[in-house]
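Observations on chain architecture
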Amino acid sequence: MPVFNITGDVDPFLHVSLAKGEKIYCESNAMVMMETNLELKGKMTGGIGAALMRTFANGESFFQQHIEAMRGDGDCLLSPTLPGAMRVLDIGAQQYMISDGAFVAASSGVELKVRTQSLGNALFAQSGGFFITETAGSGQLAVSGFGAMSILEVTPGKDVVIDNSHVVCWDNRLQYEISMTTGSSGGFLGNLINSQTSGEGVVLKFSGTGKILVCSRNRAAFLAWTQSKPA
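Residues numbered from 1 in each chain as written. Predicted model: local features only at pLDDT ≥ 70, side-chain atom pairs only at ≥ 80, totals over all residues. Heavy atoms only, no water.

**With respect to the sheet that holds strand β15 (residues 160-163)**
Note the cut-off: The rule for pairing is simple: two strands pair if DSSP sees at least two bridges between them. Counting from the N terminus, the helices are DSSP H or I runs at least four residues long and the strands are E runs at least two residues long. The angle between two axes is taken between their N-to-C directions and runs from 0 to 180 degrees, where each axis is a line fitted to C-alpha atoms and a helix contributes only its stretch in contact.
Ordered by their spatial adjacency, three strands build an open sheet running β15-β18-β17, and the pairing between neighbours is antiparallel. Since the sheet does not close on itself, it has two edges, and those belong to β15 and β17 (175-179), each with one partner. Between one strand and the next, the sheet's axes are offset by a mean angle of 25°, whatever the strand orientation.

What follows is the structure, given as structure tokens:
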């Protein structure tokens, strides 16, 4: 199996070592360097239908980069689009739901599937509306977050509420729902007003048992801040 390692302290690389015949796939433009034993091709993973669904679900590129050790062992360096931390997750016993833009790379045994969400979650989600990406199979998966990244453990009786823009991925065993406020009452209009006045925006409420990866920065808020600054 390809070996994934995070290298570097600030804006790290994903270092992948492949034995002859092994292959990985990654987000478009993720490849920074690869040794000459490796070969890179652009492919529609899973065919046209699956590629379209993933593009709608979490904004992935229609074509992904596939890297294979064709002529012998080799290493490559990959990097996400936005600056920030990365994590390598073991897929198999645990499967994950992935937020928009978090996917970096995966070994060939990991599949990214698209499933539908409930109507309530779809209306407020930033994870593809009615569709969301879920892992399947086994192997390793690398995800990235804007800024620093931390792992939260959810246990029964200790539900958590997280701003939607800070969620990277979560254990698919967790129950979740999306709302515009952390409050439990007030009705739709009251929640909408509270969301706007508090600056809280859309939140995800998680319960059950499992872990969540969160990042320290909000991409949308950061982009809005940079655009508000005079040239």
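**A short note on the confidence of the model for the protein chain**
In plain terms, the rule: Summary of the metric used: pLDDT quantifies the predictor's per-residue confidence within the range 0 to 100. It only takes one pair of heavy atoms within 4.5 Å for two residues to be counted as in contact.
Taken over all residues, the pLDDT of the protein chain has a mean of 81, while the share at 70 or more is 74%. The low-confidence segment residues 119-129 (pLDDT under 50) makes 27 contacts with residues lying over four places distant or belonging to another chain. Note on residues 185-200: pLDDT under 50 across the span, and 16 contacts to partners over four residues away in sequence or across chains.

**Overview of the side chain of Thr-135**
Rules: To sort residues, take the accessible area from a 1.4 Å probe on protein chains only and compare it with the maximum for the residue type: under 20% means buried, over 50% means exposed, and anything in between is partly exposed. Polar contacts, as counted here, are pairs of nitrogen or oxygen atoms within 3.5 Å of one another; within protein the pair requires one atom able to donate a hydrogen and one able to accept it, and residues that are adjacent in sequence qualify only if both atoms are side-chain atoms.
Within the secondary structure, Thr-135 sits in strand β12 (residues 131-137). Looking at Thr-135, the relative accessible area reads 3%, which means it is buried. Engagement of the side chain of Thr-135 in a polar contact is seen with the side chain of Gln-95, the distance being 2.7 Å. In terms of polar contacts, Thr-135 uses its side chain to reach the backbone amide nitrogen of Tyr-96, at 2.8 Å. Beyond its immediate stretch of four places on either side in the chain, Thr-135 contacts Ile-91, Gln-95, Tyr-96, Ile-98, Glu-111, Leu-112 and Leu-141.

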